[in-house]
Amino acid sequence: MAKYIPTIGLEIHAELKTKTKMFCPSLNDPEEKKPNVNVCPICMGHPGTLPVPNIEAIKKIIQAGLALNCKIAEFSKFDRKNYFYPDLPKGYQISQYDKPFCEEGHLETYEGKKIRITRIHLEEDAGRLIHPKDVDYSLVDFNRAGVPLMELVTEPEMHTAEEAQSFAEELQLILRYLGVSDANMDKGQMRVELNISLAPAGSKKLGTKVEVKNLNSFNIVGRAAAYETKRQSELLDNGEKVIQETRGWDENGQKTFSQRLKEEAHDYRYFPEPDIPPIVINNKQSAINTEKLRSLIPELPQQKRKRFIEEYGIDTNLAEIFVKDMDIANYYEEVVSELLSWEKAQGHEEEKKDIRQKLLTLAANYLTTDLRGLMSGDAMPISELKISPENFAEFVDLIHIGKLSSRGAKDLLPQMLKTGGDPHQLMLDKGLGQVSEAGELEVAADRVIAANPEAVTKYKSGNENILQFLVGQMMKETKGAANPQVAAEILRKKIVS
Ligand code: MN
């Protein structure tokens, strides 16, 4: 058993996807490359300006809170958090202190662990500092200053790096499903900080907490937690004390490093934002109604996981690819509905269930491996995909009924991707079809038998293995188009009779 048990809590910031900023009409456009264009006197903190809360941002954070099983405050307010930083033009950040919009929720990770969420509040983002190389100054871009930002804090109750990573991954999915945030970590739209303390195994008291910032991938969240567990264990083993501090992640050195001693809440002199009245929710005058917002929550990742496994009968790994890639999942569902609508027309009534299962699994496999591979190779977004769901369904059906071999399918798919053409027609044009028709194969078999009398004699005298050689000759004769099972059967019949 481990000597020390780590206890991990997370603090996660995510930029909300809104048209405008949190307190002003400046655009919230994360794709804007030109610095300092989406700015106005309000987000620049000019004297005499007044902030007006963005109701879309408030609705979005409440939806996030509902999806994460939080209690929604009927009365909420904004507060000022005072500190100086060059990317913070006002000298304070409008945030929430004692009355956040959402409290006491939980998230269930993919592995089924329930992690409690302490609170989710709404605040504004700061600008971005840019440090050009080989010069003695820094630049500042205020496009991001004032962008709506949600901050989520968990209870410190995760005990492994994997749990922390899994929480962050599931949260990202939920935010994306809700359309609340794009939550791309590499673009800084979702930023994870962790706090971690170590206590001797069996002890009820938590150890001294260290925070680690700037973790910009899930993998780094895991690595930073693992590194801190090791570092703090070694300190404790040597009889040294863990210092309460904020540390950063050094990707080159694969380690954390001390940034500053931890500040306390009172250092920020929080006080109620005097320019924004408190927000009241759910009363007659309020523009915000939680039940209405709840009714707009779409299917969430956990529900989709269950549905894809139950409805389409695919395994958990395949389902997870669809859960993580919403575009491919939507496409799959269109292909499925095509396949199911043909089922009746083709009169597969008896073995319906079995065939249905085979088709859906086949479609899922070709989509998630072959098609997805080709598309990512070309960096092609789904919006540019020329293959209609109907054509993809037909492609799957051709494989299923044996007209197209897996080899032929591999050659046909890139053609479909390029031209968007009809799979059956393309298969015929390019000669990729598999020949199962007896007539054509019998002609080829006669030729192979005539050309290989020795092999035929050997087979007649009991050498079963030689049949494989003859099948190989059939493949050559038909330029690879023969269905090997059918070819073997025809050869056997002809030689024996
Ligand atoms: Mn914050």
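Look a little higher up for the structure.
Here the structure is a predicted model, which is why all the values come from computation and not from measurement.

### Observations concerning the overall build of the chain
Item 1. Scanning the chain from N- to C-terminus turns up 15 helices and 16 strands.
Item 2. Relative to the 2.2 N^0.38 estimate, which gives 23 Å for 497 residues, the radius of gyration of the chain is 31 Å and therefore markedly larger than a compact globule would have.
Item 3. Here the chain, with 497 residues, has 47% of them falling under the buried criterion.
Item 4. In the chain, the proportion of contacts linking residues at least 24 apart, taken out of those at least 6 apart, comes to 69%.
Item 5. Of the roughly 25,400 Å² of accessible surface on the chain, a fraction of 52% belongs to carbon and sulfur atoms.

### With respect to helix H13 (residues 453–460)
Item 1. Those residues of H13 lying buried are Ala455, Val456 and Tyr459. The arc enclosing the buried residues of H13, seen along the axis, measures out at 100 degrees, which places them on a common side. Projecting away from the buried face of H13 at angles above 90 degrees are the exposed residues Pro453, Glu454, Thr457 and Lys460.

### Considerations on a nonpolar patch on the surface
Item 1. Taken together, the side chains of Ile130, Val135, Tyr137 and Leu139 present a nonpolar region at the surface, about 340 Å² in accessible area.
Item 2. If you trace the backbone, Leu139 turns up in strand E9 (residues 139–141).

### Here we look at the pairing of strand E6 (residues 102–108)
Item 1. Across two bridges, the pairing between strand E2 (residues 71–72) and E6 is antiparallel. Among the inter-strand pairings, Ile72 is bridged to a residue of E6, identified as Cys102.
Item 2. Here six bridges tie E6 to strand E7 (residues 114–124), and the two strands are oriented antiparallel to one another. What sits directly across from Gly105, in E7, is Ile117.

### Observations concerning the packing of aromatic side chains
Item 1. A complete count under the given rule lists 14 aromatic pairs for this structure.
Item 2. Geometrically, the ring pair formed by Phe322 and Tyr332 is stacked, given 4.6 Å between the ring centres and 20 degrees between the ring planes. Remark: Tyr332 occurs in helix H7 (residues 326–345) and Phe322 occurs in helix H6 (residues 316–324); sequence separation between them is 10 residues. An identical accessibility class is assigned to Phe322 and Tyr332; each is buried.
Item 3. Where Tyr331 meets Phe392, the ring centres are 6.1 Å apart and the plane angle is 70 degrees; that geometry is what we call edge-to-face.

What counts, and where the lines are drawn
Residues numbered from 1 in each chain as written. Predicted model: local features only at pLDDT ≥ 70, side-chain atom pairs only at ≥ 80, totals over all residues. Heavy atoms only, no water. Helix = DSSP H or I, 4+ residues; strand = E, 2+ residues; numbered from the N terminus. Rg over C-alpha atoms; globule rule 2.2 N^0.38 Å. Buried < 20%, exposed > 50% of the residue type's maximum accessible area, 1.4 Å probe, protein only. Contact = heavy atoms within 4.5 Å. Areas by Shrake-Rupley, 256 points an atom, 1.4 Å probe, with all protein chains shown as cover. Arc of directions from axis to C-beta. Patch = residues over 30% accessible without salt bridge, like charges linked within 9 Å, V, L, I, M, F, W, Y side chains within 5 Å. Salt bridge = Lys/Arg side-chain N within 4 Å of Asp/Glu carboxyl O. Pairing = 2+ DSSP bridges. Phe/Tyr/Trp six-rings, centres within 6.5 Å; stacked < 30°, edge-to-face > 60°.

Honestly, it's all geometry; don't read function into it.
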